[in-house]
Number of protein chains: 2
Amino acid sequence: MLIDGLQYANWSEKIFRQMREGGVDAVHVTIAYHETFRETVLNFEKWNRWFELYPDLIMKGMTAQDIDIAKENGQTAIFFGFQNPSPIEDDIGLVEILHTLGARFMQLTYNNQSLLATGCYEANDTGLTRMGKEVIREMNRVGLVVDMSHSADRSTIEAADYSDRPIAITHANPHAWHPALRNKTDEVIRAVTSRGGMLGFSVYPHHLKDKSACTLTSFCEMIARTADKFGVEHLGIGTDLCQDQPDSVVEWMRMGRWTKSMDYGEGSASQAGFPEMPTWFADNRDFGNIADGLRAIGMGTDEIAGIMGQNWYRFFDENFGPRSAA
Amino acid sequence: MLIDGLQYANWSEKIFRQMREGGVDAVHVTIAYHETFRETVLNFEKWNRWFELYPDLIMKGMTAQDIDIAKENGQTAIFFGFQNPSPIEDDIGLVEILHTLGARFMQLTYNNQSLLATGCYEANDTGLTRMGKEVIREMNRVGLVVDMSHSADRSTIEAADYSDRPIAITHANPHAWHPALRNKTDEVIRAVTSRGGMLGFSVYPHHLKDKSACTLTSFCEMIARTADKFGVEHLGIGTDLCQDQPDSVVEWMRMGRWTKSMDYGEGSASQAGFPEMPTWFADNRDFGNIADGLRAIGMGTDEIAGIMGQNWYRFFDENFGPRSAA
């Protein structure tokens with residue numbers, strides 16, 4: 001069972017085929033950064049067309065059981081998520097509408113303050129807003145997972161606390177290993193994992209120690225240490241793979257329509273575009289390298305199986321539907 | 001099994017309770033006349049809230065099997081439809097999106113020319129448009145039923161012909177019985193029923209012989225004659241009940257935002273508002289009167305069961321999903 005907790009590729013038949021080659025059973029795919037509701041629906045429409053065109057490669061995932069069906073059929077199950085609450089605009093009723101359409105994760109913020117909480121690049125973190133609490137309750141009710149990957153620390157801890165179902169950080173690494181603003185302090189990771197939540201390890205170079213030059217061993221040792229601290233059952237992969245995207249897309253991710261000025265996000269003026277991927281993870285065919293790396297540093301078979309997919313599977317199974325069915 | 005093929009009530013707990021009292025197992029409910037996509041989503045949201053508030057009375061219907069579940073739980077299953085293609089705007093991708101949200105019927109026109117076909121009040125009926133044909137194919141693919149209740153004759157016959165799945169006239173009566181513009185000629189009824197489609201008999205007074213004064217016997221004899229001509233298995237009820245609606249709503253239905261002038265639709269300056277219902281059908285508790293009336297004119301038990309719900313059930317079962325599953 002191989003599940004990736006986050007990708008935002010420039011999707012194409014080529015990438016769908018690479019997912020099959022790499023044995024990827026399921027991926028959580030971002031379909032909104034700054035999109036309005038209507039724009040997000042257009043992204044669902046685009047995927048509907050791909051499901052129609054490539055039924056031998058991909059299928060829409062709504063429940064964990066869909067991964068079993070995909071596996072049986074030799075397809076990859078695609079689960080949808082938003083890195084920003086922009087798709088719900090200011091309308092709490094859109095939480096259920098978007099869940100019905102297939103959304104399974106929603107970040108409460110993307111770097112900036114949102115209507116719901118504070119993003120990780122703001123100077124002041126005021127925690128959950130009034131609407132933020134209402135929306136978490138509604139997300140809990142329908143089974144839309146709170147994702148705090150791009151949120152500030154206090155907001156994340158408050159969300160983990162306020163939510164009565166486990167939340168996730170789908171793509172980030174421990175701040176102690178690489179102190180990027182996007183990486184998470186032990187206190188934040190503990191708040192999430194101690195309540196049954198998940199952390200997905202990112203291979204996006206800005207989240208890696210030594211960035212693009214990060215070694216596989218360093219990455220895997222970091223995973224092992226995190227497992228020792230917080231429990232291996234709460235850990236998965238969330239590569240943040242942005243394969244084949246032009247640099248204009250990282251500008252959209254960072255700047256949306258909220259600024260007219262250049263914002264480099266995790267990059268800088270000298271490295272403005274997408275960074276080069278580490279040699280051991282270029283695309284969906286390279287998950288075996290991570291599993292091999294974990295084996296090489298002495299991790300057990302069951303633990304590796306958990307990290308590579310079983311833990312996400314269990315989390316999907318428990319959190320993608322109404323509470324009563326959970 | 002009791003199924004109503006169309007209602008547009010001013011929904012309330014009172015009406016939901018009357019549906020239970022009347023033993024109504026399922027209703028096709030109109031949620032769009034002139035609404036844009038976003039406005040239609042707001043109507044889905046309103047219903048989501050009602051499903052949350054009144055789980056003991058109603059549930060959302062997506063498949064015929066949901067009617068069995070509703071029956072088992074003592075609820076009424078609510079199926080959604082549009083009397084106009086306005087919710088898909090000019091975007092064929094919205095057909096699948098709206099089907100995913102729960103739409104199961106869509107009229108290609110509401111009285112006027114639409115992007116898809118010609119309405120029953122236009123002077124010239126040019127049949128299916130280019131987009132109309134594309135949309136019928138897409139509706140066939142996902143399992144969204146073509147409803148031609150408010151369409152012109154040529155357009156209806158072309159739709160029945162072009163569609164590779166059965167279509168419906170959810171709420172109208174034979175023109176031969178009462179020659180309203182909204183009622184259907186034998187040629188139209190034959191085009192629909194001979195291809196497996198359904199006709200739902202309306203009790204909306206403008207569709208009745210002698211309008212509000214129509215007798216139950218006259219209504220039931222008309223049904224029996226229609227059964228003799230076209231086959232009882234293609235017939236159901238589609239009351240067009242607009243219970244508790246203020247007259248401002250019939251103006252919205254008729255005029256939407258397409259005119260600034262008064263349009264009386266099936267009414268007239270002297271009878272501009274909702275007409276008075278016939279004495280034998282005031283609300284959802286009165287379906288028994290129709291069944292009794294059919295029995296009184298000598299119709300058999302199985303035929304009556306078909307008309308009161310079994311025929312719609314079979315039609316829902318065959319037409320509410322992708323073709324492969326049908």
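A quick note: this is a predicted structure, and the numbers were derived from the prediction, not measured.

1. Observations concerning helix H9 (residues 247-255) of chain A
All names here are of chain A. Considered for burial, the residues of H9 that qualify are Val250, Met253 and Arg254. Down the axis of H9, the buried side of the element spans an arc of 90°, and every buried residue falls inside it. Positive phi appears at glycine 256, one or two residues downstream of H9, with a value of about 40°.

2. Here we look at the interface of chain A and chain B
Taken together, the contact between chain A and chain B spans 10 residues of the former and 10 residues of the latter. Where the side of chain A that touches chain B is concerned, the elements lending two or more residues are helix H2 (37-53) and helix H4 (93-101) of chain A.

3. What about H4 of chain A?
Where burial is concerned, most of H4 of chain A is hidden: 7 out of the 9 residues are buried. Turning to H4 of chain A, its buried residues are Leu94, Val95, Glu96, Ile97, Leu98, His99 and Leu101 of chain A. Of the surrounding secondary structure, the elements contacted by the buried residues of H4 of chain A are H2, strand E5 (103-107) and helix H5 (130-142) of chain A together with helix H2 (37-53) and helix H4 (93-101) of chain B. Glycine 102 of chain A, located one to two residues past H4 of chain A, shows a positive phi value of around 125°.

4. A short note on the packing of H2 of chain A against H4 of chain B
Each pair of packed helices gets described by two things: the angle between the helix axes and the distance between those axes. Orientation of H2 of chain A relative to H4 of chain B, taken along the N-to-C sense of each, is 100°, at an axis distance of 9 Å. Looking at the two axes, H2 of chain A sits roughly perpendicular to H4 of chain B. On H4 of chain B, the residues touching Val41, Phe44, Glu45 and Asn48 of chain A of H2 of chain A are Gly93, Glu96 and Ile97 of chain B. Taken together, the residues that form the contact of H2 of chain A with H4 of chain B break down as 3 nonpolar, 2 polar and 2 charged.

5. Digging into unusual backbone geometry
The general pattern is negative phi for most residues beyond glycine and trans for most peptide bonds. The backbone of lysine 211 of chain A shows a phi angle near 50°, a positive value even though the residue is not glycine. Summarising the element assignment, lysine 211 of chain A is placed in the loop between strand E8 (198-201) and helix H8 (216-230). A positive phi angle, near 65°, is found at aspartate 210 of chain B, a position not held by glycine. Within the secondary structure, aspartate 210 of chain B is located in the loop between strand E8 (198-201) and helix H8 (216-230).

6. Some details on the pairing of strand E2 (residues 26-32) of chain B
Residues and elements named next belong to chain B. Taking burial as the measure, the 7 residues of E2 include 7 buried ones, the bulk of the element. This β-α-β element, strand E1 (residues 3-7) to helix H1 (residues 13-21) to E2, shows right-handed connectivity. Bridge analysis of E2 against strand E4 (residues 76-82) gives 6 bridges, and the strand direction is parallel. Its bridge partner lying in E4, histidine 28 is registered against phenylalanine 79.

7. Observations concerning the packing of helix H6 (residues 153-162) of chain B against helix H7 (residues 186-193) of chain B
All names here are of chain B. Between H6 and H7, the least distance of the axes is 8 Å, while the angle of their chain directions is 15°. The pairing of H6 with H7 is recorded here as roughly parallel in orientation. In the packing of H6 onto H7, the handedness of the crossing is left-handed. Contacts between H6 and H7 involve Asp153, Thr156, Ile157, Ala160 and Asp161 on the former and, on the latter, Glu187, Val188, Ala191 and Val192. Residues of the contact of H6 with H7, tallied by class, amount to 5 nonpolar, 1 polar and 3 charged.

Analysis parameters
- Residues numbered from 1 in each chain as written.
- Chains lettered and ligands numbered in written order.
- Predicted model: local features only at pLDDT ≥ 70, side-chain atom pairs only at ≥ 80, totals over all residues.
- Buried ≥ 20, exposed ≤ 12 C-beta atoms within 10 Å, placed from the backbone.
- Helix = DSSP H or I, 4+ residues; strand = E, 2+ residues; numbered from the N terminus.
- Arc of directions from axis to C-beta.
- Contact = placed C-beta atoms within 7 Å.
- Axes fitted to C-alpha atoms, helices over the stretch in contact; angles between N-to-C directions.
- Parallel < 35°, antiparallel > 145°, perpendicular 65-115°, else oblique.
- Nonpolar A, V, L, I, M, F, W, Y, C, P; charged D, E, K, R; others polar.
- Right-handed = clockwise from strand over helix to strand, strands pointing away.
- Pairing = 2+ DSSP bridges.
- Left-handed = near helix turned anticlockwise from the far one by under 90°.

Just geometry here; none of it tells us what the structure is for.
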